[in-house]
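Chain by chain, the residues:
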Amino acid sequence: MVEVTLSHILVQLLNGLVLGMLLALIAMGLSLIFGLLDIANFAHGVFYALGAYVGYQVIVLGGNYWIALPVVGIVVAALGLVVEPLNRRFYGEDPAKRGLFTLIFAFALSLALEESIRWTWGALGKKFSPPALLDFVIDLGFFIYPAYRLFVILLGAILTIAVWLFLKKTQVGLIIRAGLQNREMVQVLGIDISKVYTLTYILGVGIAGVAGLAAAPLVGVYPAMGVEIQVPSFVVVVVGGMGSFLGSVVSGIIIGEVATLPVIWEPRVSQVAIYVFMAIMLIAKPGGLFGELER
Amino acid sequence: MMSENSGTKPSSIGQALSKHPVLILLIVLIIVPWIFQIWPIWTDILLFGLFAMAFNILLGQTGILSFGHATFFGLGGYITAMFLMEPYAIPRVPRWMGWIGIIVGVLAATAGAIMVGALGLRRRGTYFALITLAFSQMFYFLFFTNFMIPTVTGPNFTGGDDGIIGVPTPPILTWVYWRTPITWYYFVLLVFISAIYVLRSISTSPAGEVLKAIRDNEQRVKLLGYNTDKFKLISFIISGLFSGLAGSLYTINIRFAHAAFFSYLLSGEVVIMTLFGGMGTFFGPFIGAIVYILLKDLVSMFTMHWMIIVGAIVMVMTWLYRGKGLLEIIQEAVVPKLRRIR
């Protein structure tokens with residue numbers, strides 16, 4: 001058994017934060033989409049994967065990571081623009097059935113899209129290096145740590161704050177928050193909520209795409225990366241409470257740590273740990289950390 | 001659900017069909033495989049059909065979507081496989097009593113259903129579906145990473161990423177080498193029909209009607225005084241039990257067990273099968289299983305990217321029919337015409 005030192009723990013703490021940020025970015029989109037549109041977006045994971053692949057393609061076509069960042073955001077959001085109207089078909093259903101059908105529809109979409117990725121880029125993964133600018137390590141006193149990972153944490157924080165400001169300070173953000181509370185009332189007030197729906201959807205998946213690009217140098221680019229992050233991100237929203245922005249961010253970071261810290265003592269536990277944690281949370285706080293918005 | 005009485009003449013074919021569906025199904029399944037002798041595929045159809053019909057007790061009848069039903073299929077299959085492999089059989093039983101392995105597998109699946117149901121049903125609808133998915137992943141990793149009790153039976157408890165290879169088929173009393181594709185099919189058919197008979201009895205019982213009521217309007221059922229939480233849990237357990245039976249037989253079928261039994265893909269496949277055949281009828285999912293298995297085999301002969309086509313079909317079907325499947329579509333088209341045949 002390897003001796004556990006402080007630097008081990010600090011490294012894993014930071015690794016957990018990196019994963020937590022990625023999960024938070026994905027979960028905030030999932031959470032908003034579920035809270036506002038009533039869609040459990042199974043396809044969120046595949047948009048994340050598409051983000052990584054689009055980024056890879058940008059670099060193959062001669063661009064670099066920094067160009068890829070906004071390109072990925074735009075391209076994935078545009079894809080979301082195509083997909084979101086398809087869900088409108090189910091809005092007329094009663095709430096119970098709606099959740100069911102949107103979930104199945106999104107699941108089938110994710111299967112088809114993931115297979116399309118395999119068809120377009122092949123089933124094997126692609127190597128993806130961190131941008132040259134960040135490809136070094138920093139000496140943080142106790143230990144050295146890759147600069148790129150710190151960048152991911154920073155990027156996550158920036159995006160989180162940006163979305164938070166958007167929700168809190170802008171008109172559209174206000175409408176979204178109102179819609180999360182009471183959809184009908186917003187419509188009664190004469191606001192065209194379907195535009196807000198679309199915006200929320202493309203924002204959510206766009207961020208997930210950027211998260212995918214951010215993750216690419218860390219985990220590589222491979223077709224199954226979407227589904228691999230999908231279920232943990234569902235755990236994040238179940239624990240954090242769907243429709244809660246704060247819940248998804250905090251829960252994302254917590255789950256990121258829960259998945260990473262146990263590696264110090266028993267690597268095989270890390271995959272299972274988040275589900276055990278979820279089970280415990282279900283018993284202790286069935287309503288989610290920040291409460292769920294009852295529909 | 002099936003055609004109702006249409007007058008004093010009891011000669012309508014639809015009526016005869018609806019009185020004894022299980023018997024009719026049995027006769028069909030005894031005879032039809034002789035026409036297209038693809039015995040292993042028919043066996044697959046029976047097992048996944050059972051899985052799908054058990055799943056639909058929860059979805060179509062009670063109105064609860066579980067996205068992790070592979071958990072119970074996997075528990076049934078994997079635990080049975082572990083029991084049947086010599087080093088694990090606890091306690092050692094005589095060879096001919098190996099069938100206890102199936103009972104053990106089914107019990108494991110039932111225990112799993114109790115646990116997942118008790119924890120998950122605390123949350124509503126979509127949450128519940130995701131929680132079931134999460135649990136299936138938990139079991140997947142538990143069995144895949146061999147992370148269980150490493151010292152009790154040796155380091156390789158669950159077979160890890162290799163799975164368990166070479167699961168034996170227990171003898172029928174003294175007849176050890178009884179298994180051939182044909183005899184195995186009829187054996188599975190026997191178990192299948194018995195299970196379906198029981199499942200259908202439950203489904204058409206008064207308790208089954210309560211489940212349908214819960215699906216349609218849970219609030220009202222509660223106001224009528226029923227403990228809907230209890231009914232939902234029981235529905236979940238029954239569904240899990242029979243899913244476990246399907247898995248249990250499946251591992252003997254393919255002589256192999258693997259963590260993939262718990263995969264989200266399998267969970268998704270059973271949802272797709274149910275959707276193809278239709279959630280609204282008891283036998284719909286069986287038709288769906290037939291269609292899905294044949295479609296998958298057919299399309300994969302042409303391309304390895306068959307999933308795109310299947311995914312697209314599911315999307316279209318959900319879009320167009322929203323839960324109505326082939327069986328209902330056929331029924332609505334054919335039954336009124338049958339009534340005119342006096």
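Calculation notes
Residues numbered from 1 in each chain as written. Chains lettered and ligands numbered in written order. Predicted model: local features only at pLDDT ≥ 70, side-chain atom pairs only at ≥ 80, totals over all residues. Helix = DSSP H or I, 4+ residues; strand = E, 2+ residues; numbered from the N terminus. Buried ≥ 20, exposed ≤ 12 C-beta atoms within 10 Å, placed from the backbone. Contact = placed C-beta atoms within 7 Å. Rg over C-alpha atoms; globule rule 2.2 N^0.38 Å. Nonpolar A, V, L, I, M, F, W, Y, C, P; charged D, E, K, R; others polar. Axes fitted to C-alpha atoms, helices over the stretch in contact; angles between N-to-C directions. Parallel < 35°, antiparallel > 145°, perpendicular 65-115°, else oblique. Left-handed = near helix turned anticlockwise from the far one by under 90°. Core = buried A, V, L, I, M, F, W, Y, C linked by C-beta atoms within 7 Å. Expected span 1.5 Å × (residues − 1). pLDDT = per-residue confidence, 0-100.

## Describing the overall build of chain B
In step 1: Secondary structure summary: chain B contains 13 helices and two strands in total.
In step 2: Here chain B holds 342 residues, and the buried ones make up 44% of them.
In step 3: The long-range fraction of contacts in chain B, counting pairs at least 24 apart against all pairs at least 6 apart in sequence, stands at 78%.

## Topic: the overall build of chain A
In step 1: Scanning chain A for helices and strands turns up 11 helices and two strands.
In step 2: Relative to the 2.2 N^0.38 estimate, which gives 19 Å for 295 residues, the radius of gyration of chain A is 19 Å and therefore close to what a compact globule would have.
In step 3: By principal-axis analysis of the C-alpha atoms, chain A measures approximately 60 × 50 × 35 Å.
In step 4: Of all 295 residues assigned to chain A, the portion counted as buried reaches 51%.
In step 5: Partitioning the contacts of chain A with sequence separation of at least 6, the portion at a separation of at least 24 is 77%.

## Regarding the interface of chain A and chain B
Many authors give the size of an interface as the accessible area that is lost as the parts come together.
In step 1: Residue-level contacts link 33 residues of chain A with 34 residues of chain B.
In step 2: The greatest single-element share of the side of chain A that touches chain B, amounting to 16 residues, is contributed by helix α4 (residues 95-121) of chain A.
In step 3: Its residues placed into classes, the side of chain A that touches chain B shows 26 nonpolar, three polar and four charged.

## Section: the packing of helix α6 (residues 171-181) of chain A against helix α8 (residues 193-219) of chain A
Residue and element names in this part refer to chain A.
In step 1: Across the interface, α6 lies against α8 with an axial gap of 10 Å and an inter-helix angle of 100 degrees. Taken together, the axis directions place α6 and α8 in an arrangement best described as roughly perpendicular. In contact with Val172, Ile175, Ile176 and Gly179 of α6, α8 contributes Ile193, Val196, Leu199 and Thr200.
In step 2: When the residues that make up the contact of α6 with α8 are grouped by side-chain class, the tally is six nonpolar, two polar and no charged.

## Considering the environment of Met278 of chain A
All names here are of chain A.
In step 1: Positionally, Met278 belongs in helix α11 (residues 269-284).
In step 2: Residue classification places Met278 among the buried positions, given that 25 C-beta atoms sit within 10 Å.
In step 3: Sequence-wise, Met278 and Leu218 are 60 residues apart; in three dimensions their C-alpha atoms are separated by 25 Å.

## Brief notes about the packing of α11 of chain A against helix α6 (residues 125-144) of chain B
In step 1: One can describe the packing of α11 of chain A onto α6 of chain B by two numbers: an axis separation of 9 Å at closest approach and a directional angle of 140 degrees. Taken as axis vectors, α11 of chain A and α6 of chain B run oblique relative to one another. Crossing of α11 of chain A over α6 of chain B shows left-handed handedness. Taken together, the residues of α6 of chain B that come into contact with α11 of chain A (itself represented by Gln271, Val272, Tyr275, Met278 and Leu282 of chain A) are Ile131, Ala134, Phe135, Gln137, Met138, Phe141 and Leu142 of chain B.

## Points about the environment of Ala106 of chain A
Residue and element names in this part refer to chain A.
In step 1: Along the chain, the position of Ala106 falls in helix α4.
In step 2: A C-alpha to C-alpha distance of 9.5 Å links Ala106 and Val83, two positions 23 residues apart in sequence.
In step 3: Discounting chain neighbours no more than four positions away, the residues touching Ala106 are Ile39, Ala40, Asn41, Phe42 and Ala43.

## Some words on the nonpolar core
In step 1: Grouped together as the largest cluster of nonpolar side chains are 188 residues, with contacts concentrated most on Val235 of chain A together with Leu50 and Ala134 of chain B.
In step 2: With 17 residues, helix α1 (residues 6-37) of chain A is the single largest residue contributor to this core.
In step 3: Excluding residues that lie within four positions of it along the chain, Val235 of chain A makes contacts with Ile255, Ile274, Tyr275 and Met278 of chain A together with Ala134 of chain B.

## Concerning helix α5 (residues 100-120) of chain B
All names here are of chain B.
In step 1: The end-to-end C-alpha distance of α5, which contains 21 residues, comes to 30 Å, matching closely the 30 Å that a straight helix rising 1.5 Å per residue would cover.
In step 2: Along α5, the residues classified as buried are Gly101, Ile102, Gly105, Val106, Ala108, Ala109, Thr110, Gly112, Ala113, Val116, Gly117 and Gly120.
In step 3: On its buried face, α5 is in contact with α4 (70-84), α6 and α9 (228-254).

## Some words on unusual backbone geometry
In step 1: Of note, Arg255 of chain B is a non-glycine position whose phi angle comes to about 55 degrees, a positive value.
In step 2: Residue Arg255 of chain B is classed as partly exposed on the basis of its C-beta count, with 15 C-beta atoms lying within 10 Å.

## Some points on helix α10 (residues 264-277) of chain B
Residue and element names in this part refer to chain B.
In step 1: Taking 1.5 Å of rise per residue, 14 residues should cover 20 Å, and α10 covers 20 Å from first to last C-alpha, within 8% of that figure.
In step 2: Burial runs high along α10: 13 of the 14 residues are buried.
In step 3: Immediately downstream of α10, the backbone of Gly278 shows phi near 110 degrees, a positive value.

## Structural notes on the confidence of the model for chain B
In step 1: Confidence in the prediction for chain B averages 84 pLDDT; 86% of positions are at 70 or higher.
In step 2: Contacts for the low-pLDDT stretch residues 149-155 of chain B, under 50 throughout, to residues beyond four places or in other chains number six contacts.

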